[in-house]
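# Architecture and fold: a report
Each chain is listed here by its residues.
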Amino acid sequence: MDVSVTVNGTHQSHDVEPRTLLVHYLREVCGLTGTNVGCDTSSCGACTVHLDGESVKSCTVFAAQVDGQSVTTIEGLADTAPGDGMHPMQRAFMECHGLQCGYCTPGMVMAAVSLLDEVPNPNEADVREGLEGNLCRCTGYHNIVKAVLSAAEAGA
Amino acid sequence: MIPAAFDYIRAASADEAIAALAEHGDEAKLIAGGHSLIPLMRFRLATPSYLVDIGRLDDLTYVRDAGEHLAIGALTRHRDIEVSDLVMSQTGLLAEATRSVGDIQVRHRGTIGGAIAHGDAASDIPAALLALRATVVSKGPNGEREIAIDDFFSGFLETALDETELLTEIRVPKVPDARWSFQKFNRRAQDWAIVGASILLDGDRAGVGLVNMDSVPTRANAVEAALAGGADAAAAADVAAEGADVPSDLNASSEYREHLARVLVRRGLEAAGRA
Ligand SMILES: Cc1cc2nc3c(=O)[nH]c(=O)nc-3n(C[C@H](O)[C@H](O)[C@H](O)COP(=O)(O)OP(=O)(O)OC[C@H]3O[C@@H](n4cnc5c(N)ncnc54)[C@H](O)[C@@H]3O)c2cc1C
Ligand code: FES
Ligand code: FES
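Now for a quick tour of the structure. (Residues numbered from 1 in each chain as written. Chains lettered and ligands numbered in written order. Predicted model: local features only at pLDDT ≥ 70, side-chain atom pairs only at ≥ 80, totals over all residues. Heavy atoms only, no water.)

### Overview of the packing of aromatic side chains
For the record, the criterion: Between the rings of Phe, Tyr and Trp (Trp by its six-membered ring), a pair exists once the centres lie within 6.5 Å; its type follows the angle of the planes, with under 30 degrees stacked, over 60 edge-to-face, and the other angles tilted. Helix and strand labels come from DSSP, where a helix needs a run of H or I of at least four residues and a strand needs a run of E of at least two; each type is numbered from the N terminus. Burial classification: accessible surface area is computed with a 1.4 Å probe over protein chains only, and a residue below 20% of its type maximum counts as buried, one above 50% as exposed, and the rest as partly exposed. Lysine NZ or arginine CZ positioned within 6 Å of the ring centre and within 35 degrees of the ring normal marks a charge as sitting over the ring.
Across all of its chains, the model carries three aromatic pairs over all chains by this definition. Aromatic side chains phenylalanine 62 of chain A and phenylalanine 6 of chain B sit 5.1 Å apart centroid to centroid with 65° between the ring planes, which places their arrangement in the edge-to-face category. In this pair, phenylalanine 62 of chain A sits in the loop between strand 4 (54–57) and strand 5 (70–72) while phenylalanine 6 of chain B sits in the segment before strand 1 (7–10), so the two residues belong to two different chains. Each member of the pair, phenylalanine 62 of chain A together with phenylalanine 6 of chain B, is buried. Between phenylalanine 152 of chain B and phenylalanine 153 of chain B, the aromatic rings sit 5.2 Å apart at their centres with planes inclined by 90°, giving edge-to-face as the arrangement. Phenylalanine 152 of chain B gets classed as buried once you look at its relative accessible area, which sits at 0%. Accessibility expressed as a relative area gives 11% for phenylalanine 153 of chain B, which makes it buried. When the ring centre of tyrosine 62 of chain B is taken as origin, the NZ or CZ atom of arginine 64 of chain B, which lies over that ring, is 3.8 Å away.

Okay, structure coming up:
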């Protein structure tokens, strides 16, 4: 079936099988491999992208469901912010050492940006609860939370 | 994992969805948020031949004040319910139970109608709707009907809906002065409840719904009767597991669940102000 999606501001239209999951559509059809797959159980959040601006787990959405909608992945995030090619959340992760192996990072950053959109001035508990759908196997949660709080303070 | 192949049908209205269900019978399944169905399809525990997508029926996405009750469209997403001022002020227990569903990404997609229609005893929403004594509205080829929440859950992952019916609205009585508490015991932040308890105290009326204490979402009739008879929190909570056919699984034995039910109901009653 034909699926048309605006991905990172670019119109994409492809003939895909209805069972194609959004994450596979993004990685294999659009060639955007920044979005990771970390589990088979909708638990880890590594695959988090924005669907019409809201965080969703792209492994638990069919590409067919989002026909006509707009998706932002980690590759498109920097474009939404002015400056040196990095979104303030990405910079905050770098500055606060919010990543180790980096596998969970694209999902963490996307979830964090969506969280600040909905809860602009979070406290530490809000951030921890808001990111409960994202697992970090390197267990670097402490610095991840710090990064999100610092981005919030900087008005990301 | 990849789900088995299926044909995809986007329904533009409730009537189109009903017609597609009527045409394809038990080979077809509705998909709303997909956050119960897609995980099942990925494990091939569900292999429908047709998926009828109702996820974008915007006319079934709303929270409205309908006088005695709030009317909530079946396709309303968990996150929209959780942050609704109307839900918070008129049926706060539902907002609280909704907030405990999975994580924010799950709540951006999952719908209240899907959470009920799935008929899962482990889901948080049905227990809250039992405590609140909600009514659901379904629509089929012969028009609409109302179903009391107590008559809705008929067996393990089974409900009173027929194959060609769609849930359209949830009616939740307004209880702005009630005290309430939602108690959930799980191992990790985003997990499902091992046991949960929804408590509503509205004047001398009490509603108590339990999560994961039977093969279907359950009302704790014995606790409600004890409260009506004037029992205190501890005495009422003591009968929390009475009459339930309590499951035993990887997470907990039935004895442990019975213990959790008593503890959570007592905590919930105390948090809601029952001495
Ligand atoms: C990682 C994860 C964690 C979760 N944690 C929790 C939790 O802690 N607590 C909890 O309660 N839930 C939890 N859930 C489930 C979540 O609440 C689901 O969103 C919800 O159970 C189903 O809603 P849905 O709209 O996604 O339904 P779908 O998956 O689209 O549908 C579920 C079933 O209902 C049927 N259906 C859907 N809508 C209708 C309708 N309007 N009329 C008739 N039939 C319909 C479908 O045919 C299907 O059989 C979790 C889910 C995930 C993925
Ligand atoms: S890959 Fe999507 S939640 Fe783990
Ligand atoms: S940085 Fe390694 S999984 Fe999070």
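### Considerations on the packing of helix 3 (residues 88–95) of chain A against helix 6 (residues 141–153) of chain A
Residue and element names in this part refer to chain A. Operational definition: Helix axes use the C-alpha atoms of the stretch in contact, all axes being lines fitted to C-alpha atoms, and the angles between their N-to-C directions lie in the range 0 to 180 degrees. Should an angle fall under 35 degrees it is taken as roughly parallel, and over 145 as roughly antiparallel, whereas 65 to 115 is taken as roughly perpendicular and any remaining angle as oblique. Each crossing is labelled by how the near helix is turned from the far one, with a counterclockwise turn of less than a right angle marking it left-handed and a clockwise turn marking it right-handed. By the convention used here, residues are in contact when the closest approach between their heavy atoms is within 4.5 Å.
One can describe the packing of helix 3 onto helix 6 by two numbers: an axis separation of 8 Å at closest approach and a directional angle of 135°. Comparing the axis directions of helix 3 and helix 6 gives the class oblique. For helix 3 against helix 6, the interelement crossing comes out right-handed. Facing helix 3, whose interface residues are Pro88, Met89, Ala92 and Phe93, helix 6 presents Ile144, Ala147, Val148, Ser150 and Ala151.

### With respect to the site of ligand 1
Going by this rule: Only heavy atoms are used to decide nearness, and a residue is near a molecule or strand if one of them lies within 4 Å of it. Two N or O atoms form a polar contact when they lie within 3.5 Å of each other; inside protein one atom must be a possible hydrogen donor and the other a possible acceptor, and for residues adjacent in sequence the pair counts only when both atoms belong to side chains. Residue polarity is assigned by list, with Asp, Glu, Lys and Arg as charged and Ala, Val, Leu, Ile, Met, Phe, Trp, Tyr, Cys and Pro as nonpolar; anything else, Gly included, falls into the polar class.
If you check the shell around ligand 1, you find 31 residues, and the closest are Leu30, Ala32, Gly34, His35 and Thr111 of chain B. In this structure, ligand 1 sits where chains A and B come together, each supplying nearby residues. Take glycine 102 of chain B: an N or O atom from its main chain is 3.1 Å from an oxygen atom of ligand 1. For ligand 1, a nitrogen atom lies 2.8 Å from a polar atom in the backbone of leucine 167 of chain B. Considered class by class, the residues forming the shell around ligand 1 number 14 nonpolar, 13 polar and four charged.

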